[in-house]
Amino acid sequence: MRIRRLFLVLLGFAALAPFILTVPSIRAADTINTQQAKTLVSDAGAAKSMLTAGGADELGWQWFIWLNTPLTGVDPKVWEGWRQSSSVYLPNGAPPSPWGQEPAPPQAVIAAARQQGLNTNLPFHNLDSDVQSDGLALRDNYHQNVRYQILMNQDTFNYIVQTKVYNMNGQQAMAQANTPLNFPATAFEIKTSWIWIGTNKDILNKLQGKYYIVNAYYALVDASGVPTGVYQVGRAALSGMHIIAKPVPQWFWVTFQNVYDAQNTQSTNQLPISPDVQQLNRKYRGALQGMGSIFANYQMMGTQWQFVDSAGKPLLLANSQIESAFQGSSSCVTCHSTASYSVQNGYFNQVKEQDGGITYYTGEPPTDKMKGYNPQDFVWSLKRAQWQR
Ligand code: HEC
């Protein structure tokens, strides 16, 4: 009897063995391990080893996990404590207020938020842009433009303040001295896309439970782009998130979007998600769903840190909400490699060639065309800087 039982136990183990062996890599504890994810964000060396060992896609998800911690509940996520670019590149080119002392939203915004019953202890996101990098806008299914916001972590912010490139004067000085910009390895920037809810209950009901929703506002502008002093205030739903950081000199490029985007905006995905990424998406989204996280509704579209594949073919990556109209010719790393400034010609034009033809650079960087331009280390949003007079 006893031997028979032992035999059965052993037989059970033998049958389970293949599963036991594969368990460590799929266990939720390994997938959602915020300490490990935090290390992969704060330790550029750890991120680089994962990347060079073939773990690019896994690293992309780990960054998403840490940046969106706490993964459940209403408390602000890690990235919501980062600095909005609207408070760094100021209209008068003045130095930004120190880290941690981001100016409060305008009084009119707070007053409207109170009236709407929004929780004013939570962050307010200034969704200050509705144009994509080709200068075009994307419409949602509610007759409004999709909105955008760029945020940076403290190491990025410190570098911008120290080098004084928050205004044009600083960027011009760097170009005159032929000093290429060089952000630290732990610099992070994100670009997010948003479906505007405002105070519309129908849109809210449609998106609630599917999207991560925050307090938000933006300034209304007149026909020539000048703020009117009037603000739109309400809620907005996170539809997409680009994440970049610099464990390698050409940065590492990652993009996520909500799985319901195609039902809510006028743009659908045109590039395939690779089978490897699809498998990772199932693993992470399953784990997030198991813990009741809203982020289970987000999928990674892919990652990029090389210009071309082993056959020399340009690598592409796009987010349907952020590179809507040019997904088929979107290479994050190539387009951003042209981020540069020349005292004579201004910023390098990555979209239109001099003759008026439209060019989206993919593959190896067009270095011959960039002679005379001072490289700005892949950071295109430095274009937002103004002159301090
Ligand atoms: C055709 C050129 C182009 C392509 C392709 C492109 N971007 Fe950008 N990106 C820009 C421009 C221009 C800005 C600045 C936008 C602004 O200031 O509003 C920007 C801003 C950003 C930012 C904010 C920080 C910064 O560098 O300014 C991030 C992060 C970002 N892009 C990530 C990505 C990712 C990830 C991809 C690929 C999925 C991508 N981009 C594809 C042109 C491009």
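Parameters and conventions
- Residues numbered from 1 in each chain as written.
- Predicted model: local features only at pLDDT ≥ 70, side-chain atom pairs only at ≥ 80, totals over all residues.
- Near = placed C-beta within 6 Å.
- Helix = DSSP H or I, 4+ residues; strand = E, 2+ residues; numbered from the N terminus.
- Nonpolar A, V, L, I, M, F, W, Y, C, P; charged D, E, K, R; others polar.
- Buried ≥ 20, exposed ≤ 12 C-beta atoms within 10 Å, placed from the backbone.
- Pairing = 2+ DSSP bridges.
- Axes fitted to C-alpha atoms, helices over the stretch in contact; angles between N-to-C directions.
- Left-handed = near helix turned anticlockwise from the far one by under 90°.
- Contact = placed C-beta atoms within 7 Å.
- Core = buried A, V, L, I, M, F, W, Y, C linked by C-beta atoms within 7 Å.

**A few points about the site of the ligand**
1) Next: Residues in contact with the ligand amount to 27 residues; listed here are only the nearest, S133, C332, C335, W380 and S381.
2) Next: For the shell around the ligand, the secondary structure elements donating two or more residues are β4 (188-198), β6 (227-245), β7 (252-258) and α12 (332-337).
3) Next: Tallied by class, the residues present in the shell around the ligand amount to twelve nonpolar, ten polar and five charged.

**Some remarks on the pairing of β4**
1) Next: With ten of its eleven residues buried, β4 lies for the most part within the structure.
2) Next: Looking at chain direction, strand β3 (residues 147-152) and β4 are connected through six bridges and run antiparallel. Counterpart to I150 in the pairing with β4 is K191.
3) Next: Here ten bridges tie β4 to β6, and the two strands are oriented antiparallel to one another. Counted as the bridge partner of W196 is A236 from β6.

**Looking at the packing of helix α5 (residues 56-67) against helix α11 (residues 275-290)**
Geometry of a packed helix pair, given as the angle between the helix axes and the separation of the axes.
1) Next: As a packed pair, α5 and α11 sit with axes 10 Å apart at the nearest point and diverge in direction by 35°. Classified by chirality, the crossing of α11 by α5 is right-handed. Contact residues: α5 offers D57, E58 and W61, while α11 offers D276, V277, L280 and Y284.
2) Next: Here the contact of α5 with α11 is composed, by residue class, of four nonpolar, no polar and three charged.

**Here we look at the sheet that holds strand β9 (residues 340-342)**
1) Next: Taking strand neighbours across the sheet as the criterion, the three strands line up as β10-β9-β11 in an open arrangement whose pairing is antiparallel. Looking along the sheet, the strands with just one partner apiece sit at the ends: β10 (346-347) and β11 (374-375).
2) Next: Inspection of the sheet shows β9 paired to β11 by two bridges, in the antiparallel sense. Bridge assignment links S340 to a residue of β11, and that residue is P375.

**Observations regarding the pairing of strand β5 (residues 213-221)**
1) Next: Where strand β2 (residues 124-126) lies against β5, three bridges are found, and the strand directions are parallel. By the bridge assignment, H125 is partnered in β5 with A216.
2) Next: One ladder, built from eight bridges, connects β5 with β6; its direction is antiparallel. Following the sheet pairing, A219 is matched in β6 by Y231.
3) Next: In textbook terms, the turn of a hairpin is the stretch between consecutive antiparallel strands, and for β5 and β6 this stretch comprises five residues, one of which, G225, has a positive phi near 85°.

**A word on the nonpolar core**
Nonpolar side chains in soluble globular proteins generally cluster together in the buried interior.
1) Next: Grouped together as the largest cluster of nonpolar side chains are 82 residues, with contacts concentrated most on W63, W194 and A236.
2) Next: Excluding anything up to four places from it in sequence, A236 contacts H125, L127, R147, W194, I195, W196, I197, V214 and A216.

**Regarding unusual backbone geometry**
1) Next: Residue T69 is joined to P70 through a cis peptide bond whose omega torsion reads 0°.
2) Next: Of note in this structure, H143 is not a glycine but carries a positive phi near 65°.
3) Next: Mapped onto the elements, H143 comes out in the loop between β2 and β3.
4) Next: Not every positive phi belongs to a glycine, and K164 is a case in point at roughly 60°.

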